[in-house]
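Chain and residue survey
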Amino acid sequence: MRYLILIFTCLVSALWFDTGNAAGHPIDVDTVATWPIRIQKYAEIFDDASGELSFSDVSMYGKFRPAQASDFKSRFTTAKVWIRFTIRNLADSDLRLYVLAGSPRIEEVEFFRYGGDLRIMRAGAAVPLAEQPTPSRYPLFPVLLQAGESATVYIAARSGTPLHFDPYLFGEDVFLRQEVSITFWNTVLIGGLAAFAFCSFLLFVFSPMRSFGWLALLGVALCGFEAAWRGYGKTIFWPNFAEWNYRSPTVLGGLVVVLFITFAHSVAKKEGFELPAKYLLTLLACFMGGVMVVGAVGNIAAAAQLAIYGGALFNAAKLGLAATLIKRVMRPPPVIGILAVGAMAAILLRLFEERGTSYSWAPDPQQGFDPNPWWALAGLAVNVAFIAAWFAHIGRQRQNARRALETLQRDEEERLKNEVMRQTAALNESLEYARRQNEDRSRVLGYVSHDLRAPLATVLGYVGILKIEGGKEIQPYVDAMERSLQYQQALIRDIVEYSKGELAPFQLQPRPLDLQDLLISVCDYGARACAEHGNRFEPQIHCMLNVAVEADGVRLQQVFLNLLSNAAKFTTDGVVRFRAVAQLKDGDCELTVLVEDDGPGIPVSDQSLIFAPYVRTNRETDGVGLGLYIAEKIVMDMGGTLRLKNVDAGHGSVFELLLRFPLAGETVGRVAPIDRPEYHAAKRAADDFVDALPPPYMRLELAAFAREGRITEIEHWIAELRATYPGYGRFATEVERAVEVLDLDRVEALALAACASESAAV
């Protein structure tokens, strides 16, 4: 740290005492002159204390003296400062030159060319742009010298703000080239500030932290300040308001300080961060607010002097805050301290530049143009680093708070978990059995347990119809049973092949497929599934293809049955609609399917999760939450899309399926679009409890099997009941129907309700 202080002290000393020398003699120029030429070495100076002397008075009676380097430092003065110098063209051709008087913030500058005809021109921040023969943000005076000609130039300048009066002489080509360069770097600076303001505004709009609004305003104010400081306000923003152009840098500079301190207070209050020296910063903000008022409508000279003091305090406070936060948050090594000293030096260089100090040891590619944007860019980097360090500290606070909250939550969860384990030991034993299962086996069994519901329900449903009706007219139902059995066999085959490691589960196997025949069979299943829950099924199939398509019929049927099963399961006494449109497009078959129900729908908060595995939005129904995950995976493997069309909760759900299949070339029967009324099934009556009940110990065993999800054991239980107690066939049939649709909650309810009725009778 002592070495850093020593380095910093040496740097300040070098910046302060490197002032150069001055002399006075004519300026000889030719076509090979080294541009720009600093006029202070050749000029004579005269201070008009009254500020009332005319050019003729000064040219005749003015007591000019050789100028010194100290005469051209930025200073407050009420005098009108005159300088004169002579330019001689030693070239054999005419030369067009430019005299750049100094800062674009000088209030008023008058140019007089004495040699041949007298030429007079006014410029400066307080002079309207329309009154300047050469419109420019700088006080600029063009000089045309013929071969061998000489001219004496007088420049008079006065300003209520600090007078930075340091003229340079440029050749035309060099001036235009450097003007383009300085404009580029100024654009980078102001554009960077504008991007900073825009990003802050986006954070203000899309984040809950309102402090970013103050940061966006700060960025806008910085853009305006830097533009006004560099004279762009006069040429771009307010060319017809010369008085405001002259006052705007002081006003906007004060606004920047006020907005920065307001932003810092806002962040500190929001995040519970203790702002160092916050009362002093508040007083500084009030002070700079007063400076803004004085600068806008009062004495600009007083406002400018006060702004210098306030700016110095602000820079000191800002650097102190940045150093404090960097030390507290990052714990930097010595190299970071050296970089911090370099950043502070960049600010000091800009401050010394404003007072007119030049450095013989420092290269200046923008010599003669004030201000130099390089130091401003360094200052921008310091401010961004300060804000980054600030938010790093806030982020660290949030992270610590989050960790403390997570620890508290873990402790509380552990306490509740232990309490529940003591009170529900029997239930935890059942859950522990499920948790001990292997993850891979659980996933495969989960797939199978889900996708076996639909074919089993279809087969057993049509078996019931077959037993009741009989005869030749039941042939369509027998065909539907056969298709469902084939689907079930394909699933079982997948399990066997997967267990042998021969292929991944659910691999697609495209074959020629009669799409309309598949859709009709799916509608058969939909009608039965809807009738089981008292729903009306309304299918609409528009499939005019007379050729087969290349598709995996088993997997496609799996998707359709899943969507219809969900629609029927989650809807009671309602309507389920199945709309399918198949048409030729660009040589392929384009299939669009909509499955719509008027059930309770899916909450908006859960709509983005429904295609995730093991996610259940309604825990009152059976299932493991894999159906839509499997369906989406199959559809994606087929190159299609499956999505939920957003519907408000309480207004049902609409799933849309889009697929394209290549044509197989095989001709099939062409059937007109159908809307078959026989699918509008009647509502199912409520189930009645059976009269004949198995022994209590068997019903309790059945309830335990249902609670633990042990389907195989339930099937063995049904077989044992039929073999041992044939008289309880009706009870076994009721349980068997519930197992067919995997309604384990109903199985458990049947067993326990029967026990409850029996207990009540006792």
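Computed from a prediction, not measured in an experiment: that's the story for all the values here.

Thresholds, definitions, all that
All residue numbers here refer to positions counted from 1 along the written sequence of the relevant chain. At least 70 in pLDDT is required for a residue's local features to be given in this predicted model, at least 80 for side-chain atom pairs to be given and counted, and no such filter applies to totals for whole chains, interfaces and linings, which use all residues. Heavy atoms throughout the structure, all of them, feed into the side-chain values; hydrogens and water do not. Helix and strand definitions follow DSSP, with helices as H or I runs of at least four residues and strands as E runs of at least two, each counted in order from the N terminus. Note on classification: 1.4 Å probe, protein chains only; a residue is buried when its accessible area is under 20% of the maximum for its type, exposed when over 50%, partly exposed between these limits. For every accessible area listed, the method is Shrake-Rupley and the probe measures 1.4 Å; residues are considered covered only by the protein chains on display. On a scale of 0 to 100, pLDDT captures the predictor's confidence in every residue. Here, two residues are considered to be in contact whenever any of their heavy atoms come within 4.5 Å of each other. In the analysis that follows, any N or O atom pair within 3.5 Å is treated as a polar contact, provided that within protein one partner can donate a hydrogen and the other can accept it, and provided that, for residues neighboring in sequence, both atoms belong to side chains. Without a salt bridge and with relative accessible area above 30%, a residue can belong to a patch; like charges are then joined within 9 Å and nonpolar side chains (Val, Leu, Ile, Met, Phe, Trp, Tyr) within 5 Å. Salt bridge, as used here, is a side-chain nitrogen of Lys or Arg placed within 4 Å of a carboxyl oxygen of Asp or Glu. The span you would expect from a helix comes to 1.5 Å times its residue count less one. Pairing between two strands requires that DSSP report at least two bridges joining them. In this analysis an axis means a line fitted to C-alpha atoms, helices contributing only their contacting stretch, and an angle means the value between N-to-C directions, from 0 to 180 degrees. Ring pairs shown here join Phe, Tyr and Trp side chains whose ring centres sit within 6.5 Å, with only the six-membered ring taken for Trp; geometry is labelled stacked below 30 degrees between planes, edge-to-face above 60, and tilted in between. The criterion for a charge sitting over a ring is simple: Lys NZ or Arg CZ within 6 Å of the ring centre, and within 35 degrees of the ring normal. Put simply, angles under 35 degrees are roughly parallel, angles over 145 are roughly antiparallel, angles from 65 to 115 are roughly perpendicular, and the rest are oblique. Note: crossing handedness is left-handed where the near helix turns anticlockwise from the far helix by less than a right angle, and right-handed where it turns clockwise. Under the convention adopted here, Pro, Cys and the residues Ala, Val, Leu, Ile, Met, Phe, Trp and Tyr are nonpolar, Asp, Glu, Lys and Arg are charged, and Gly plus all remaining residues are polar.

**Examining the overall build of the chain**
Scanning the chain for helices and strands turns up 21 helices and 18 strands. Taken across its 762 residues, the chain has 45% of its residues classed as buried. Accessible surface for the chain amounts to roughly 38,500 Å². Of this, 59% is attributable to carbon and sulfur atoms.

**A closer look at the confidence of the model for the chain**
Put simply, the chain has an average pLDDT of 75, and 70% of its residues get 70 or more. The low-confidence segment residues 1-9, where pLDDT is below 50, has five contacts with residues more than four positions distant or belonging to other chains. In this model, residues 358-363 is a region of pLDDT below 50 whose contacts with residues beyond four sequence positions or in other chains number 12 contacts.

**Points about the environment of R722**
Within the fold, R722 resides in helix 19 (residues 711-724). When the C-alpha atoms of R722 and T733 are compared, they prove to be 9.6 Å apart, with 11 residues separating the residues in sequence. Here the side chain of R722 touches T733 through a polar contact of 3.5 Å, side chain to side chain.

**Side note on a nonpolar patch on the surface**
Where nonpolar side chains cluster on the molecular surface, the patch consists of F76, F287, L306, I308 and Y309 and spans about 450 Å² of accessible area. Broken down by element, the residue count for the nonpolar patch peaks at three residues, all from helix 8 (residues 300-330).

**Focus: helix 16 (residues 553-569)**
For helix 16, spanning 17 residues, the distance from its first C-alpha to its last is 24 Å, which sits close to the expected 24 Å at 1.5 Å a residue. Of all 17 residues in helix 16, 16 are buried, a share of seventy percent or more. At the N-terminal end of helix 16, a side-chain oxygen is found 3.2 Å from the backbone nitrogen of V554, two or three residues along, and the residue is D552.

**What to know about the sheet that holds strand 11 (residues 165-171)**
Strand order in the open sheet formed by four strands is 2-11-6-9, with antiparallel pairing between adjacent strands. Both edges of this open sheet fall to strand 2 (37-38) and strand 9 (140-145), since each of them pairs with a single strand only. Strand direction decides the pairing type here: strand 2 and strand 11, joined by two bridges, are antiparallel. Residue R38 lies in a different strand from strand 11, and its bridge partner there is Y168. The strands touched by helix 3 (residues 172-206) within the sheet are strand 6 (95-102), strand 9 and strand 11, with strand 11 carrying the most contacts at an inclination of about 115 degrees.

**Concerning the packing of aromatic side chains**
All told, the structure shown has 17 aromatic pairs when counted by the stated rule. Taking 4.8 Å as the distance between ring centres and 25 degrees as the angle between the ring planes, the aromatic pair formed by Y98 and F175 counts as stacked. Placement of Y98 in strand 6 and of F175 in helix 3 is noted, with a sequence separation of 77 residues between them. We classify Y98 as buried; its relative accessible area is 9%. Ring-pair connections join several aromatic residues into one group, and the members of that group are F46, F55, F64, W82, F112 and Y154. The ring of W229 has R105 lying over it, and the distance from NZ or CZ to the ring centre is 3.6 Å.

**Considerations on the packing of helix 19 against helix 20 (residues 729-740)**
Viewed as axis vectors pointing N to C, helix 19 and helix 20 meet at an angle of 160 degrees, and their least axial separation amounts to 10 Å. Considering their axes alone, helix 19 and helix 20 lie roughly antiparallel with respect to each other. Remark: the crossing between helix 19 and helix 20 carries left-handed chirality. Listed contacts from helix 20 to I711, I714, W717, I718, L721 and R722 of helix 19 are G729, F731, A732, T733, V735, E736 and V739. Residues of the contact of helix 19 with helix 20, tallied by class, amount to nine nonpolar, two polar and two charged.

**Here we look at the pattern of salt bridges**
The tally for this structure, following the rule as stated, stands at 22 salt bridges. Salt-bridge contacts for D166 lead to R38; the nearest nitrogen and oxygen are separated by 2.4 Å. With D166 in strand 11 and R38 in strand 2, this pair connects stretches of sequence that are 128 residues apart. Across the pair, R38 and D166 agree in class, each one buried. We note a salt bridge from D637 to K633, for which the minimum N-O separation is 3.3 Å. Of this pair, D637 and K633 are both found in helix 17 (residues 627-637), four residues apart, which corresponds to roughly one turn of the helix. Looking at D637, the relative accessible area reads 43%, which means it is partly exposed. Here the salt bridges share partners, and the residues they tie into one network are E108, R122, E131 and R158.

**Comments concerning the pairing of strand 11**
Within strand 11, seven of the seven residues are buried, leaving the element largely enclosed by the surrounding structure. Where strand 6 lies against strand 11, five bridges are found, and the strand directions are antiparallel. Directly across from V99, in strand 11, lies its bridge partner L169.

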